[in-house]
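# Descriptive structure summary
What follows is each chain in one-letter form.
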Amino acid sequence: MKQNTPRTMLAKDGTVGQRTSTKRIWKNLLVLASVFLVNFTSFRAIQNLQSTLNSEAGLGVVSLSCVYASMVLSCLYAPFFIHKVGSCKWTVVVCLLGHALYTTSNFYPSWFTLVPSSVLLGAISGPLWTAQSTYLANSAQEYANVLQYGTEGALAKFNGVFYFLHDLSGISGNLISSLVLSAGRQDIGKGEFCGAMDCGIRPEPNWTSQYYVTNSSLSYNSTVLPNDKQRVVVYTLFGIFLGCNIFATLIAYLLLDKDVQRVASEPMQISQHLIRTFKVFKDFRFVLLTPLIFIFGMTYATVAGDYTKVSSYMQISRK
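Every value quoted in this text rests on a predicted model; they were computed, and no experiment measured them. (Residues numbered from 1 in each chain as written. Predicted model: local features only at pLDDT ≥ 70, side-chain atom pairs only at ≥ 80, totals over all residues. Heavy atoms only, no water.)

### Observations regarding the overall build of the protein
- Scanning the protein from terminus to terminus reveals ten helices and two strands.
- Sorting the 319 residues of the protein into buried and exposed places 39% on the buried side.
- Restricting to contacts in the protein with at least 6 residues of sequence separation, those with at least 24 account for 81%.
- Put simply, the protein shows about 17,000 Å² of open surface, and 66% of that area lies on carbon and sulfur atoms. (Helix = DSSP H or I, 4+ residues; strand = E, 2+ residues; numbered from the N terminus. Buried < 20%, exposed > 50% of the residue type's maximum accessible area, 1.4 Å probe, protein only. Contact = heavy atoms within 4.5 Å. Areas by Shrake-Rupley, 256 points an atom, 1.4 Å probe, with all protein chains shown as cover.)

### Brief notes about the packing of aromatic side chains
- Inspection of every chain in the model, using the stated rule, returns 14 aromatic pairs.
- Both rings, one in Phe-43 and one in Tyr-102, keep their centres 6.0 Å apart while their planes meet at 55°; by these two values the pair is tilted. Pair noted here: Phe-43 is in helix H2 (residues 22–53) and Tyr-102 is in helix H4 (residues 88–105), with a separation of 59 residues, a long-range link. Across the pair, exposure class does not vary: Phe-43 and Tyr-102 are buried alike. (Phe/Tyr/Trp six-rings, centres within 6.5 Å; stacked < 30°, edge-to-face > 60°.)

### Thoughts on a nonpolar patch on the surface
- Together, Trp-90, Ile-246, Leu-250, Tyr-253, Leu-254 and Leu-255 line one region of the surface with nonpolar side chains, adding up to about 600 Å² of accessible area.
- Top contributing element to the nonpolar patch by residue count: helix H8 (residues 228–255), with five residues.
- With respect to the helices and strands, the residue Ile-246 is situated in helix H8.
- Assessed through its relative accessible area of 44%, Ile-246 is described here as partly exposed. (Patch = residues over 30% accessible without salt bridge, like charges linked within 9 Å, V, L, I, M, F, W, Y side chains within 5 Å. Salt bridge = Lys/Arg side-chain N within 4 Å of Asp/Glu carboxyl O.)

### A look at the environment of Ala-183
- By the secondary structure assignment, Ala-183 is in helix H6 (residues 151–188).
- Judged by relative accessible area, which is 42%, Ala-183 ranks as partly exposed.
- In sequence terms Ala-183 and Val-233 are 50 residues apart; their C-alpha atoms lie 8.2 Å from each other.

### Description of the pattern of salt bridges
- Scanning the entire structure with this criterion turns up four salt bridges.
- A salt bridge links Lys-27 to Asp-257, with the nearest nitrogen and oxygen atoms 3.1 Å apart. Of this pair, Lys-27 sits in helix H2 while Asp-257 sits in the loop between H8 and helix H9 (270–278), and the two are 230 residues apart along the sequence.
- The residue Asp-167 makes a salt bridge to Arg-44 at a minimum N-O spacing of 3.8 Å.

### Regarding the nonpolar core
- Of all hydrophobic cores here, the largest spans 54 residues; its most connected members are Val-35 and Tyr-102.
- Elements that contribute at least two residues to this core include exactly H2, helix H3 (59–85), H4, helix H5 (114–147), H6 and H8.
- Ranked by residue count, the leading element in this core is H2, at 14 residues.
- Sequence-distant contacts of Tyr-102, that is, excluding residues within four places in its chain, are made with Phe-43, Ile-46, Gln-50, Ser-63, Leu-64, Val-67, Leu-114, Ser-117, Ser-118 and Leu-121. (Core = buried A, V, L, I, M, F, W, Y, C linked by side-chain atoms within 4.5 Å.)

### Overview of the packing of H2 against H4
- In the contact formed by H2 and H4, the axes pass within 11 Å of each other and the chain directions differ by 30°. Viewed along their axes, H2 and H4 adopt a mutual orientation that is roughly parallel. At the point where H2 passes H4, the crossing takes the left-handed sense. Note on element contacts: H4 touches H2 through Val-92, Leu-96, His-99, Tyr-102 and Thr-103, opposite Val-35, Asn-39, Phe-40, Ser-42, Phe-43, Ile-46 and Gln-50.
- Across the contact of H2 with H4, the residue classes tally to seven nonpolar, five polar and no charged. (Axes fitted to C-alpha atoms, helices over the stretch in contact; angles between N-to-C directions. Parallel < 35°, antiparallel > 145°, perpendicular 65-115°, else oblique. Left-handed = near helix turned anticlockwise from the far one by under 90°. Nonpolar A, V, L, I, M, F, W, Y, C, P; charged D, E, K, R; others polar.)

Now the structure itself:
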């Protein structure tokens, strides 16, 4: 007598069919995690260097503020955005192009290039993370249905694998920055303002003060370029990061399968999406989490804006 396994029973039910292969589900999970690992290797490293490389008039910090301010607003229309694009996969692919544009703007940083690209990056970040969470949750749901055990366990496992690989981007990104900038420092000369010798007073102009000229109306124009060696170091660094963005986009486009679950729904107006989004505040548990979110945001801003502002890397901008 043929024994009915969870796989055969689910196939007979006809709701999932051949898409219940656990290998396929794991493949999509690893592809999605690898996409975010490669892409955020670029973004997290650039974020950590913004307050150092673009310190003139606080351009780097302002650009990061624009990213996260617009990200808050983008979360409100994220469901509508994903619905219009058509699937979580294509939302990820489209949003990764915004990361590539942001990295490109760092080749020529100014108020007219970096700030608009930062706003655009924040505008697509909400849909990007919403698509990622939805794709991951749907994969965990399908995986749980295949093996017939609790969805919460599968979701915890998938989130653990995803964020393990994603958080490695902090290591890989900073490692790339360290290797490239250290090589540039050795090529240009030894620094005199680092560690215990850094008192916070540096008479030499930094990279952005060489890169911009400030007039009385506080408008900035790129008129003075760094010397060739400095330019090679900076362009090499951002060239590697741009390559990471493009590679991540190609991985998502070529290897990530279309959404493992699609629930048919009637078209909704953007106002209906917004109303459903704000309804979450009726949950008292979510309201209690809100202060923790703000505290985490302030901590992250301190780490990205102040803690990572190191003068030893600024040697790449000195003659």
